[in-house]
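Read off the chains here:
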Amino acid sequence: MEESRTYNRTNFRSSRGRNNFGNNYNSGREYPKNNDNVTIMVPSRCTGRLIGRGGSKISELQRNSNAKIIISRDDIDGERSVSLIGDDSAIEKAKSLIYEIVNSTDQRPQRNFRETREYSPVRKFSPPPPQNVPNEVPMMRTSYVRSTVVTPSVTTAPEPVNWDELREEADRYQKEKLAQMTPIKKCFYEELPEVRDMSENEVKEFRINRNNICVARTFEDPSGKSKPIPNPVKTFHQAFHNYPEILHEIEKAGFTTPSPIQSQAWPIMLSGEDMIGIAQTGTGKTLAFLLPGLIHINGQITPIEERNGPTVLILAPTRELALQIEREVKKYYYKGFKSVCVYGGGDRREQIKIIKEGVDIVIATPGRLNDLVEAKILNVEEVSYAVLDEADRMLDMGFEPQIRKVMYQVRKDRQTCMTSATWPAGVRRLAQSYMVNPIQVYVGSLELAAVHSVTQTIVMIPDDPNEKFQRFLEFCQNLQPNQKAIVFCGKKLTADQVSSELAMAGIDYQVIHGGIEQSDREQAILDISDGTVNILIATDVASRGIDIDDITHVLNYDFPHNIEEYVHRVGRTGRAGRTGDSISFFTRGDWAQAEELIKILEEAGQYVPEELSDMCARFTQWKKRKEEQGTYRGQRSRW
Ligand code: AMP
């Protein structure tokens, strides 16, 4: 029987009874069994803070108290019940932590509450832009930050900013600066006759056979004067015949043929063109930009010892990727070039020491790089070869302002390369701002064969978030303790929503997406790897590179926007000789993917639901009708 109590300090009711929640759900984390449970009532308006973004707060509370915390979804007169399960000390600890949050929320007057949540344009409150960076202001025009400044009731309208004037001023400054600098050399390629003389058909066939390389100018060139795209190379010799030392390094590595991205990227990069590589980790993309970079450093007019800073700058989203690139750089010893890897969390003093000794290549995460540039420790003004590696991931992690800031300081006539696994609007915007008539190289997935060890199930469901969540909950409840699942969501927001719902249902999980701190992401990977939790909620970008062998299930909560991503996700299970299961929710909104999905399923000998085939046929008819009317805008975002 439940007994009701009143807590004077906070006026929240509490009741105590036997634990009847503990066995309802599967969860990786073990809580003490056969404990009492206590139910307390909290104001409904506080539950958001108790759950936290993506369930982060409730997870923290559970960790810190060692009690299981279940928040009811039902609102009773402005209150919700919170069940606490665990031993006495765990329950007491959980209660005191919850009260602390509730009291701090509750004591804030309502008016202030609203005011602190107001959004204010950056330019009203931000400090003045750094000197010599006038176009930082226009860049920030459309971004909004959460401001804790209470807007006074009577505000004086800020002086209108003349963006055009600022932009012109920035351009003028850039031009003046460039005029004083030694020009840079970009072209280091001599096309061999055997490459130049390949017929159109031969080139086409080669590209198709090499993982379906697609290559095109990214943006239309109104002048129509763009140079033709160079033919791909078939051998290392065709790319680097003038650079025997580079060939020697490749030979030492034991590689036999250029990877698909390399065979097309090297002629482009060595010709001095800007390039966007749409390719994932594991395709050989690092060497695709690195080797031309080494040749570029050596080929500049200003002697190395007279340069005031690095020549090559490689920006990467995470410490892990930056270190991985550095390892590749160190493997390819060329002319004794020096490199440094700078990233947040690394030994700043040691990084500064290496920079001061002189470096040719800087590999950096955007935050730490800006920190060192602003402190005038690192001068990036002479960088003439810049790489934005995994640009989509950098944007997803909120690095756009830092990227813009640093790219403004790098000389404008530089050569720029960008890699990205996807091609969203943000990446297109970056390309438009920082690249000159780039050539895009897209390499199809290398993993199409990996899915044969996976049973792929397509679940046709209506476009209804509640239905989706119910199906998802069933999936989580049926997951056995010895099984592990990655749940893929299309957006950070969905990952957060799904996580919050799981937290409220008392199911343990971890979550990983671009908005989550690096250390928390590392913890999430550790927790799913060692079995502390058996559910990992993830977005595509954040999950890239996760390598966990014993994932038994992949659930596509949101179907991915392209089929390569589907293949990539499915390949997270069925690894290392094991079998795996993938379950994908498929709604009417995903119908443009039906045709390619059916191809993948058929190729792998999987069941194709009739409803999926019907949807595919309807989409084909719809598309044909739209094309006839001239109103078809395409459904795929990639090209
Ligand atoms: P990346 O996509 O740059 O992360 O490269 C993945 C791995 O492929 C790295 O360990 C590279 O050393 C390796 N690699 C790069 N190019 C080649 C190649 N042409 N043949 C075989 N392995 C390569």
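Residues numbered from 1 in each chain as written. Predicted model: local features only at pLDDT ≥ 70, side-chain atom pairs only at ≥ 80, totals over all residues. Heavy atoms only, no water.

1. Re the site of the ligand
Cut-off, in case you're wondering: Residues are labelled near a given molecule or strand when at least one of their non-hydrogen atoms is within 4 Å of it. By the criterion applied in these results, polar contacts are pairs of N or O atoms within 3.5 Å in which, for protein atoms, one can donate a hydrogen and the other can accept it, and in which residues neighboring in sequence qualify only through two side-chain atoms. In this count, Pro and Cys sit with the nonpolar residues alongside Ala, Val, Leu, Ile, Met, Phe, Trp and Tyr, while Asp, Glu, Lys and Arg are called charged and the others, Gly among them, polar.
Around the ligand sit 16 residues in total, of which Thr257, Gln262, Gly282, Gly284 and Thr286 are the nearest. Within the contact set of the ligand, an oxygen atom lies 2.8 Å away from a backbone nitrogen or oxygen of glycine 284. Contacts to the ligand include lysine 285, whose backbone N or O atom sits 3.3 Å from an oxygen atom. Across the shell around the ligand, the residue classes tally to 4 nonpolar, 9 polar and 3 charged.

2. Focus on the sheet that holds strand β12 (residues 361-364)
Note the threshold: Strand pairing is assigned whenever DSSP detects at least two bridges linking the two strands. The secondary structure listing takes helices from DSSP runs of H or I that are at least 4 residues long and strands from runs of E that are at least 2 residues long, numbered from the N terminus. Here an angle of 0 to 180 degrees is reported between the N-to-C directions of two axes, which are lines fitted to C-alpha atoms, with helices fitted over the stretch in contact. Contacts are assigned to residue pairs that have any heavy atoms within 4.5 Å of one another.
Across the sheet, 8 strands lie side by side as β8-β15-β9-β14-β13-β10-β12-β11; this open sheet has mixed pairing. Every other strand in the sheet has two partners, leaving β8 (214-217) and β11 (339-342) as the edge strands with one partner each. Within this sheet the neighbouring strands show an average axis-to-axis angle of 15°, counted without direction. Its contacts with the sheet put helix α18 (residues 400-409) on β10 (312-315), β13 (385-388) and β14 (415-420), and the angle it makes with β13 is roughly 170°.

3. A word on the nonpolar core
To be explicit about the condition: To define a nonpolar core, start from buried Ala, Val, Leu, Ile, Met, Phe, Trp, Tyr and Cys residues and group those joined through side-chain atoms within 4.5 Å. Note on exposure labels: buried denotes an accessible area under 20% of the residue type's maximum, exposed denotes more than 50%, and partly exposed covers the range between, all computed with a 1.4 Å probe on protein chains only.
Counting 50 residues, the largest nonpolar core has Phe240, Ile246 and Leu291 as its most contacted members. Ranked by the residues each element gives to this core, the list is headed by helix α13 (residues 285-299), at 8 residues. Contacts of leucine 291, omitting those with residues within four sequence positions, involve Phe240, Ile246, Ile250, Trp266 and Tyr332.

4. Focus: the confidence of the model for the chain
Heads up, the condition is: In predicted models, pLDDT denotes the confidence assigned by the predictor to each residue on a 0 to 100 scale.
Averaged over all residues, the pLDDT of the chain equals 80, while 81% of them reach at least 70. Note that pLDDT drops below 50 for residues 635-639; the model gives that stretch 19 contacts with residues more than four away or on any other chain.

5. Regarding the pattern of salt bridges
Any two side chains of opposite charge can pair if their charged atoms end up close together. For the record, the criterion: Any Lys or Arg side-chain nitrogen located within 4 Å of an Asp or Glu carboxyl oxygen qualifies as a salt bridge.
Counted under the stated rule, the structure contains 23 salt bridges. Here lysine 177 ties to glutamate 381 by a salt bridge, and the two come within 3.9 Å at their closest N and O atoms. Here the residue lysine 177 occupies a position in helix α7 (residues 163-179), and glutamate 381 occupies one in the loop between α16 (366-374) and β13, the gap between them amounting to 204 residues. We classify glutamate 381 as partly exposed; its relative accessible area is 29%.

6. Let's talk about the packing of aromatic side chains
Defined as follows: Two aromatic rings, drawn from Phe, Tyr or Trp (for Trp, its six-membered ring), form a pair once their centres lie within 6.5 Å of each other, and the interplanar angle then sorts them: stacked below 30 degrees, edge-to-face above 60, tilted otherwise.
Following the criterion strictly, the structure yields 11 aromatic pairs and no others. Seen in terms of ring centroids, phenylalanine 472 and tyrosine 557 are 5.4 Å apart; in terms of plane orientation they differ by 85°. Their pairing is edge-to-face. Here tyrosine 557 lies in the loop between β20 (553-556) and α24 (563-570) and phenylalanine 472 lies in helix α20 (residues 465-478), a separation of 85 residues in the sequence. One aromatic cluster is present, built from ring pairs that chain together Phe469, Phe472, Tyr557 and Phe585.

7. Some thoughts on the pairing of β8
The two faces of β8 differ: Val215 and Arg217 on one face are buried, but Cys214 and Ala216 on the other face are not. Here β8 pairs with strand β15 (residues 439-442) via 4 bridges, running antiparallel. Residue pairing across strands places arginine 217 opposite isoleucine 439, the latter belonging to β15.

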